[in-house]
Structures are given as structure tokens and as C-alpha cells.
Amino acid sequence: YMPNLIMASAFAMLFYAIFADQGPINNMLNSMGLPTYRFLAEVAGARGLIALMNFLMWFGNTTIIHMAAIMGVDPCLFEAARIDGLSEVGIFFRMYIPSMKSIFAAAGVVTFMNAWNNYLWAKVIMSDNTTQTMPMLISNLIAGYATDYGMLMLAILITTIPTAIVFFALQKHFVEGITGSVK
């Protein structure tokens, strides 16, 4: 149960920081002339956030990466931008998004690897064996009495190629995102 508790507490901290009455989402709404919406106090807002959290928890390990990056941004940068006259939308698109580019790349690589290699979700969703994902095919190659190791290694190689292409294309940003370095 501990991983579930850790993930739930990480989401609670992240969503409280983002959707609080004085959080960045409400600051953007206020800067656009819209009133503060109490996401955590309204039933519809809370249900929407719970639905969003359930969707995002599918990719839980990237949540920790995003949370660490969001919590690591110095609030003084945003105050300085406000003093310089930058709007909340400008702060989001000109400061936050560019500084998080490497985190998005790292999360994208990890999410792609998880989705590409996912066995259980495909096994639950697909009702027949006419279509299969590569992890399901590899599992079926092992399931017989005699395993053709040449065919098995070829299937593993073919399965690894797309993941390797994505990783090598985003390698620089991936390493920066994982180590937390920002230019």
C-alpha cells in the first residue's frame, strides 16, 4: 500500500499547490478577468480534479518528476516577472514552459517507454488474439513447450527499436530533465 499512499500524497501536494485559491491556475483566471474558482471547495471542481488525477496517475512516475520540477522553481522569478510587467499568461508561456522543456522531454521519454512496453493494459482491453501488442507477442513466444530463442531475440530487438529512437532523439533533454539542470 505504501506506493499508493506516496502517489496519493504527491498528487495532493501538487494539486493543492496548482489549484489553490491563490495558486497559478486561479492567478491566470484572475489576470484574464475571471473570478477565483474554488476548485477544492466546489463539488464539480473537486470531481473534475479527481478525474484528472486518476488519468494522470496512469503515468505516476512522471508525476514525481513534474512535481519536483514545479516545486523547485524559485517564486522570486515569478515576482520579478510580475514587477517587470509580465502577465500571468506571459509568465506561464515565457518563463515556466521554456524552463520545463527538459522535464517535459524526460517525462515524454519515460511515458512513451511505459506505454510502449505496457503488457497488462493491452491484455485487459483486447478480447481476442487477432491483434496483439509487441509485449503480448513476446509473451506468446515464450509460452510454448519449445522456445525459439532466435525468433524471441528478433521480437525483442524490434520492440526495442522505437524506444531507442525516441530516447536518442531526446537524449540531451532527457539527461537535463533527469538531473534537473536548467540553462
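Structure: above.
All of the points below concern the structure found in this document. Each residue is numbered by its place in its chain's sequence as written, counting from 1. Under the rules for a predicted model, residues below a pLDDT of 70 receive no local features and side-chain atom pairs below 80 are neither given nor counted, while totals for whole chains, interfaces and linings still include all residues. Hydrogens and water are ignored here; the side-chain numbers use all heavy atoms of the structure.

Before going further, it helps to spend a moment on the overall build of the chain. Secondary structure elements follow DSSP: runs of H or I no shorter than four residues count as helices, runs of E no shorter than two count as strands, and numbering proceeds from the N terminus. Across its full length, the chain holds 11 helices and zero strands. Across the chain, helices and strands are ordered from the amino to the carboxyl terminus as α-α-α-α-α-α-α-α-α-α-α. Relative accessibility decides the category of a residue: with a 1.4 Å probe and only protein chains considered, values under 20% of the type maximum give buried, values over 50% give exposed, and everything between is partly exposed. For the chain, with 183 residues in total, the buried portion stands at 26%. Residue-level accessible areas treat just the shown protein chains as cover; the underlying method is Shrake-Rupley with a 1.4 Å probe. Taken as a whole, the chain presents about 12,100 Å² of accessible surface, with 70% of it coming from carbon and sulfur.

What follows deals with a nonpolar patch on the surface. Here, patches come from residues exposed beyond 30% relative accessible area and free of salt bridges, joined within 9 Å for like charges and within 5 Å for nonpolar side chains (Val, Leu, Ile, Met, Phe, Trp, Tyr). A side-chain nitrogen of Lys or Arg and a carboxyl oxygen of Asp or Glu constitute a salt bridge if their distance falls within 4 Å. A surface patch of nonpolar side chains, amounting to about 550 Å² of accessible area, comprises Met-151, Leu-154, Leu-157, Ile-158, Ile-161 and Ile-165. Structurally, Ile-165 can be placed in helix H10 (residues 149-169).

On to the nonpolar core, then. As used here, the term nonpolar core means buried Ala, Val, Leu, Ile, Met, Phe, Trp, Tyr and Cys residues forming a set that is joined through side-chain atoms within 4.5 Å. By size, the foremost hydrophobic cluster in this structure holds 12 residues: Met-7, Ala-10, Phe-11, Leu-14, Phe-15, Ile-18, Phe-19, Leu-29, Phe-39, Leu-49, Met-53 and Met-67. When contributions to this core are tallied by element, the ones reaching two or more residues are helix H1 (2-19) and helix H3 (43-56). Examining the composition of this core, we find that seven residues originate from one element, H1, more than from any other. Setting aside residues no more than four positions away along its own chain, Ile-18 makes contact with Gly-23, Pro-24, Ile-25 and Ile-70. Note on definitions: a residue-residue contact is assigned when non-hydrogen atoms from the two residues lie within 4.5 Å.

This part is about the packing of helix H5 (residues 75-83) against helix H6 (residues 88-99). Each pair of packed helices can be summarised by the angle the axes make with each other and by the distance between the axes. At a minimum axis distance of 10 Å, the contact between H5 and H6 shows a crossing angle of 125°. Classed by the angle they form, the pair H5 and H6 counts as oblique. The two elements H5 and H6 meet at a crossing, and its hand is right-handed. When H5 is examined against H6, the residues Leu-77, Phe-78, Ala-81 and Arg-82 are found in contact with a partner set consisting of Glu-88, Ile-91 and Met-95. Under the scheme applied here, ten amino acids are nonpolar (Ala, Val, Leu, Ile, Met, Phe, Trp, Tyr, Cys and Pro), four are charged (Asp, Glu, Lys and Arg), and all others, including Gly, are polar. Partitioned by chemical class, the residues of the contact of H5 with H6 number five nonpolar, no polar and two charged. Angles run from 0 to 180 degrees between N-to-C directions of axes, and those axes are lines fitted to C-alpha atoms, restricted for helices to the stretch in contact. Orientation is classified from the angle alone, with under 35 degrees giving roughly parallel, over 145 giving roughly antiparallel, 65 to 115 giving roughly perpendicular, and any other angle giving oblique. Here a crossing is taken to be left-handed if its near helix is turned anticlockwise relative to the far helix by less than a right angle, and right-handed if that turn runs clockwise.

What follows deals with the environment of Gln-132. By secondary structure assignment, the location of Gln-132 is in the loop between helix H8 (120-125) and helix H9 (134-142). Taking C-alpha positions, Gln-132 is 7.9 Å from Ala-122, a pair spaced 10 residues apart along the chain. The contact partners of Gln-132, leaving out residues within four places of it in the chain, are Met-126, Leu-137 and Asn-140. Engagement of the side chain of Gln-132 in a polar contact is seen with the side chain of Asn-140, the distance being 3.4 Å. Between N or O atoms, a polar contact is any pair within 3.5 Å; within protein, one atom must be a potential hydrogen donor and the other a potential acceptor, and residues adjacent in sequence are included only when both atoms are from side chains.

Moving on to the side chain of Asn-26. Within the secondary structure, Asn-26 is located in helix H2 (residues 24-31). Look past the residues within four positions of Asn-26 in its chain and what remains in contact with it is Phe-19, Ala-20, Asp-21, Thr-36, Tyr-37 and Phe-39.

Attention now goes to the packing of aromatic side chains. Each aromatic pair joins two rings of Phe, Tyr and Trp (for Trp, the six-membered one) with centres within 6.5 Å, and gets the label stacked for planes under 30 degrees apart, edge-to-face for over 60, and tilted for any other angle. This structure, assessed with the given rule, holds seven aromatic pairs. Measuring from centroid to centroid gives 5.4 Å for Phe-167 and Phe-168, while their planes differ by 65°, and the two rings are edge-to-face. Under the relative-accessibility criterion, Phe-167 is labelled partly exposed at 23%. Relative accessible area serves as the criterion here: at 56%, Phe-168 is assigned to the exposed category.

Attention shifts here to the side chain of Asn-27. Inspection of the secondary structure puts Asn-27 in helix H2. Once residues lying within four places of it in the same chain are set aside, the contact partners of Asn-27 are Gln-22, Arg-82 and Glu-88.

All we've got here are geometric facts, nothing functional implied.
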